[in-house]
Amino acid sequence: MKSRWKWVIYAVLGCLAQCAPVPSSEPAGCLPTDWCYVDDVAPSVRVDLKYTGNDNFVGRPIAGYTTGKRAILRRDAAEALARAAALLQPQGYGLLVWDAYRPAMAMKDFRAWSRTPDDRMKSKFYPHISKQGIYDGKYIGDTSEHSWGIAVDITLVHLKDGREVDMGGHHDLLDVSSATESPLITAEQRENRLRLRHAMQKAGFRNYSKEWWHYFLTDSAPHFTYSFPLKDDLLPCASR
Ligand SMILES: [Zn+2]
């Protein structure tokens, strides 16, 4: 009996962490209340959304990313990003966002791709695991904090010339070497990862320890899963 209750509690806690409800009225052509474009709130943060192009583990634009290139976040996450950028600026570093809000339809696209035999991006993005291993290793799930508007995939750039800082791997290198504190990288690369983590943590984010680039806002606000496609000219839903 005792252990059965334990599993009930685990199930509830697991669902609180992963089963964010979908809002009853999904906005299709407007920004949800309290969401914003990252460049409106954190203009110094650079953006290069990897899922809008071919340089990602699928090798083509992902569903939901074909109609816009501006990063979108819940406003409190974008404000936290601005705080992180301000902390890094005196050290000579800036931020580059690779992914922010991710429509739930993109997660479905990933899962559908995982069931196909297409492995053309394997050598660059998942050299040591299978496509099923991407899910088994928890690099990707069927839901994501990205769809709640509170997560970013992010790296450091040198402010003086815009070059990306050497972090010992690229976005979505789905490999053990991408663990933030991996022993498989150089001391300097680890230092760079920890510099990013320090600033992001101070600003209110938490890192996913298996992916040095993935951060999500730590807060108690309710989370909702969204699936509206990216567009660069969305107006706030409230003003429609
Ligand atoms: Zn991520």
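Residues numbered from 1 in each chain as written. Predicted model: local features only at pLDDT ≥ 70, side-chain atom pairs only at ≥ 80, totals over all residues.

### Remarks on the nonpolar core
So, point 1. Counting 60 residues, the largest nonpolar core has Val-38, Ala-71, Ile-72, Leu-73, Leu-81 and Val-97 as its most contacted members.
So, point 2. Secondary-structure elements contributing two or more residues to this core are strand S2 (35-37), strand S4 (72-74), helix H3 (75-88), strand S5 (93-99), helix H4 (104-114), strand S6 (151-158), helix H7 (187-203) and strand S8 (211-217).
So, point 3. Broken down by element, this core gets its largest block of residues, 6 residues, from H3.
So, point 4. With residues near it in sequence (within four places) discarded, Val-38 still touches Val-45, Val-47, Ala-71, Ile-72, Leu-73, Ala-78, Leu-81, Val-97 and Ala-100. (Core = buried A, V, L, I, M, F, W, Y, C linked by C-beta atoms within 7 Å. Buried ≥ 20, exposed ≤ 12 C-beta atoms within 10 Å, placed from the backbone. Helix = DSSP H or I, 4+ residues; strand = E, 2+ residues; numbered from the N terminus. Contact = placed C-beta atoms within 7 Å.)

### Some points on the environment of Pro-236
So, point 1. Tracing the sequence through the fold places Pro-236 in strand S9 (residues 235-236).
So, point 2. Residue Pro-236 is classed as partly exposed on the basis of its 14 C-beta neighbours within 10 Å.
So, point 3. In the structure, Pro-236 is positioned 200 residues away from Cys-36 in sequence and 8.0 Å away in space, judged by C-alpha atoms.
So, point 4. Among residues more than four places away in sequence, those in contact with Pro-236 are Cys-30 and Leu-31.

### Points about the sheet that holds S5
So, point 1. An order of S3-S5-S6-S8-S7 is seen for the 5 strands of this open sheet, with the pairing classed as mixed. Each edge of the open sheet is held by one strand with a lone partner, namely strand S3 (46-47) and strand S7 (205-208).
So, point 2. Bridge analysis of S6 against S8 gives 3 bridges, and the strand direction is antiparallel. In the sheet register, Ala-151 faces S8, and the bridge partner there is Phe-216.
So, point 3. Contacts from H3 reach S5, S6, S7 and S8, with the element oriented near 145° to S5.
So, point 4. Its contacts with the sheet put H7 on S6, S7 and S8, and the angle it makes with S7 is roughly 145°. (Pairing = 2+ DSSP bridges. Axes fitted to C-alpha atoms, helices over the stretch in contact; angles between N-to-C directions.)

### A word on the confidence of the model for the protein
So, point 1. Averaged over all residues, the pLDDT of the protein is 90; the fraction at 70 or higher stands at 88%.
So, point 2. Low confidence marks residues 1-19, where pLDDT is under 50. Its contacts with residues over four positions away, or in another chain, come to 1 contact. (pLDDT = per-residue confidence, 0-100.)

### Quick notes on the packing of H3 against H7
So, point 1. Two elements in contact, H3 and H7, have axes whose closest approach is 8 Å; the angle formed by their N-to-C orientations is 135°. Taken together, H3 and H7 sit at an angle that is classed as oblique. As for how H3 packs across H7, the hand of that crossing is right-handed. Contact residues: H3 offers Ala-80, Arg-83, Ala-84, Leu-87 and Leu-88, while H7 offers Ala-199, Met-200, Lys-202 and Ala-203.
So, point 2. Grouping the constituent residues of the contact of H3 with H7 by class yields 7 nonpolar, no polar and 2 charged. (Parallel < 35°, antiparallel > 145°, perpendicular 65-115°, else oblique. Left-handed = near helix turned anticlockwise from the far one by under 90°. Nonpolar A, V, L, I, M, F, W, Y, C, P; charged D, E, K, R; others polar.)

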